[in-house]
Amino acid sequence: MVEIELDGKKVEVPPGSMVMHAAEKAGTYIPHFCYHKKLSIAANCRMCLVDVEKAPKPMPACATPVTQGMIVRTKSDKAIKAQQSVMEFLLINHPLDCPICDQGGECQLQDLAVGYGSSGSRYEEEKRVVFHKDVGPLISMEEMSRCIHCTRCVRFGQEVAGVMELGMSHRGEHAEIETFIGDTVDSELSGNMIDICPVGALTSKPFRYQARTWELSRRKSVSPHDSTGANLIIQVKNHKVMRVVPLENEAVNECWIADRDRFSYEAVNSEDRLTAPMLKQGGEWKTVDWQTALEYVANGLKQVKTDHGADAIGVIASPHSTVEELALAGAFVRGLGSENIDSRLRHADFDNHAAAGNARWLGMPIEALSGLQRVLVVGSNLRKDHPLFAQRIRQAARKGGVVHLLNDNSPDWAMPVAQRIVNDSRQWVNELAGIAAAVAVEAGVQAPVSVEDVRDEARAIAKSLLSGERKAVLLGNAAAHHEKAASLLSLANWIAQQTGAAVGYLSEAANTVGAQLVGALPGHSGLNASQMLGGALKAVLLLNTEPFHDAAASAKGLATAGMVVTLSPFKTNLDVSDVLLPIAPFTETSGSFVNAEGRLQSFHAVVKPLGETRPAWKVLRVLGNLMGLSGFDADSSQAVLAKALPGVASGAFVDATHLDNTGNVVPDLAPAARVPCVASIYQLDGLVRRAPALQSTADGRDGKVTAGEVAA
């Protein structure tokens, strides 16, 4: 450690640290704009000039390495005058438009100008004007005259998002931040540029002119989309969600969120919201009260049970539903005497699951992804499926980690990929068996299955995985949904065992792991999602599910069911449903998600339910009471959680004994009959599908759900 004296206090920091790091450790604030703890050091705003003893002039704290015995003063006359001079230069061309600026009230320049600016300007010449730029539906660059050229946005693109979409052209007062060839900013992490911009140059287009920051109340929540479980701060005005920004959690999402976490809130305010229960009578939808709707459902279920038996009733639930909702849905259908419940809507291999009460998971803490030295990703468009996992693996690659992929295309992951094996997804088992065979040759052991032809790329991947220390074989959404998912897992486990790697599923949805833990899977005699959608049921409850978007199998079989009940925040499934029950989205209910690493995270409602909307757990509880089922007496979501996952507190991990990626079937090398069903980034769930800004992006326009078609 190196010891320096900072404003009279002794501070110890590691060698190679900057004065700014020492100040952070000592709790001393040094004004700055371009410095950001997650980005490289640029030292181009000069606001952090400090007085270093024996230095001839003030030095930038962010770019001055500490030396043993260094004496630094951040509050001396020399330092203060230097900072005031820099502030004067920064304000020379800055427009005085704070009253109409969206950043007003949360602007670093505004705050520091109070402390370091003068009461008037000596600058009398004309201020420069920068022409506005259109970079897409998410980020507004309408007021680039405000830009102070800190280059945070440029460095974020290069270093975190992996794509240098913005850059600085020209010099001096002619310098501009732009996309150069008139492109839009299309990174799936682009919204973070809004957060890190210290002035009002980059602002949120959907939020533009909607509210003032001091009018907003701030409430914590958790993202309901992918399996990261990103921590959010939801900002609310007049019981309406106005903006979503990240809540820093170094172990989960650091200080970033994906664009779908940030902008999907538009859906909860959309005209597509269902605000009252509805019944279909004579082909027409009629609005009714809750009592009427719930009694209709209960009577219908009793009739089906009497006429066809409990096995004719089933629940198809979304893995984006909360732990509490899924636990009660499972208890409800089992209380009726049926085992027909499933949340694996896009799966094709329904035999590939952990033992009852256990779950497939990431195989390591999310934080460990940043330190991987070798990683093989199978069946995933990593960057779009899991933007924040991809960001962590990108950081690992920047530190020398080696990334390999097996996929049906060669996507741009905005990171170096050493070896790519690209083949039709129906041949993936063969390709992974080839890597296993190459590992067997290198390690001098018997291969799990004989393969005739081994690619050179497979040999290179095998050598790579046998070197290094921290290693992982990660199975993506397409591998989890693959027709031969069990064979892929078995081969991945064998490769991992021989190479000392971890095996993990990246997990598709916010609560894929939680759904498995609370038994949102069919029991021994139960039907899976594909069978239920195929027409095997007479009564179906669709929980947060839109089968025509969410499921691998065709949902036409629902038309043969006597009663289809949709529990959704939106007017959906209108063609097949008989009852629509309005349930609360994540912003209007309390609940919990278990992310890919097995961390349970609970959240509260941030706004009151819209119209007659009710939390799904309450709807299921009342239905259970109407059906005369026992155990439906919980008076809060916390009580439901305590029963479903006893002893697991919010922020804690579920018991490791319940997280299980083992699988050891004999690999089936015959080609699969169909391609896996996967959703593109902005088709993942009902919320992102209804967010206009996200659907207007390049990814939104190109997005679709592959249907998992049978090969011709």
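Residues numbered from 1 in each chain as written. Predicted model: local features only at pLDDT ≥ 70, side-chain atom pairs only at ≥ 80, totals over all residues. Heavy atoms only, no water.

### Notes on the overall build of the chain
Part 1 of the reasoning: Within the chain, the secondary structure is distributed over 22 helices and 27 strands.
Part 2 of the reasoning: In terms of overall size, the chain behaves like a compact globule, its C-alpha atoms giving a radius of gyration of 28 Å where 712 residues would be expected to give roughly 27 Å.
Part 3 of the reasoning: Counting only C-alpha atoms and orienting by the principal axes, one finds that the chain spans roughly 90 × 70 × 50 Å.
Part 4 of the reasoning: Looking at the 712 residues of the chain, the share that counts as buried comes to 60%.
Part 5 of the reasoning: In the chain, once contacts between residues fewer than 6 apart in sequence are set aside, the share between residues at least 24 apart is 71%. (Helix = DSSP H or I, 4+ residues; strand = E, 2+ residues; numbered from the N terminus. Rg over C-alpha atoms; globule rule 2.2 N^0.38 Å. Buried < 20%, exposed > 50% of the residue type's maximum accessible area, 1.4 Å probe, protein only. Contact = heavy atoms within 4.5 Å.)

### Here's the deal with the sheet that holds strand β22 (residues 502-505)
Part 1 of the reasoning: Taking strand neighbours across the sheet as the criterion, the five strands line up as β20-β19-β18-β21-β22 in an open arrangement whose pairing is parallel. Looking at which strands have only one partner, the edges of the open sheet turn out to be β20 (419-422) and β22. Put simply, the sheet's adjacent strands are angled 15° from each other on average, direction ignored.
Part 2 of the reasoning: Set on the sheet, helix α11 (residues 428-443) makes contact with β18 (374-378), β19 (402-407) and β20; between it and β19 the angle comes to about 145°. (Pairing = 2+ DSSP bridges. Axes fitted to C-alpha atoms, helices over the stretch in contact; angles between N-to-C directions.)

### Re the packing of helix α7 (residues 290-308) against helix α18 (residues 616-626)
Two measures define how a pair of helices packs: the angle their axes make with one another and the distance between the axes.
Part 1 of the reasoning: With their axes 10 Å apart at the nearest point, α7 and α18 run at an angle of 55° to one another. Classified by the angle between their axes, α7 and α18 sit oblique to one another. Classified by chirality, the crossing of α18 by α7 is right-handed. For the pair formed by α7 and α18, the contact residues are Trp290, Leu294, Glu295, Val297, Ala298 and Lys302 on the first element and Val619, Val622, Leu623 and Leu626 on the second.
Part 2 of the reasoning: Here the contact of α7 with α18 is composed, by residue class, of eight nonpolar, no polar and two charged. (Parallel < 35°, antiparallel > 145°, perpendicular 65-115°, else oblique. Left-handed = near helix turned anticlockwise from the far one by under 90°. Nonpolar A, V, L, I, M, F, W, Y, C, P; charged D, E, K, R; others polar.)

### Some remarks on the UniProt feature "domain: 4Fe-4S His(Cys)3-ligated-type" (unreviewed entry) in the chain
Part 1 of the reasoning: Here the UniProt feature "domain: 4Fe-4S His(Cys)3-ligated-type" (unreviewed entry) sits at residues 78-117.
Part 2 of the reasoning: Split by type, residues 78-117 is 60% helix and 0% strand. Its first and last C-alpha atoms lie 16 Å apart. (UniProt positions renumbered as here; feature names shortened; annotations may be inferred.)

### Digging into the nonpolar core
Part 1 of the reasoning: Of all hydrophobic cores here, the largest spans 75 residues; its most connected members are Phe33, Met47, Ile139 and Phe156.
Part 2 of the reasoning: The dominant element in this core, judged by the number of residues it contributes, is helix α4 (residues 152-161), at five residues.
Part 3 of the reasoning: Setting aside residues no more than four positions away along its own chain, Ile139 makes contact with Val185, Ser190, Met193, Ile194, Leu202, Thr203 and Lys205.
Part 4 of the reasoning: The next biggest cluster of nonpolar side chains, apart from the first, holds 55 residues, and it includes Val297, Ala327, Leu620 and Phe632. (Core = buried A, V, L, I, M, F, W, Y, C linked by side-chain atoms within 4.5 Å.)

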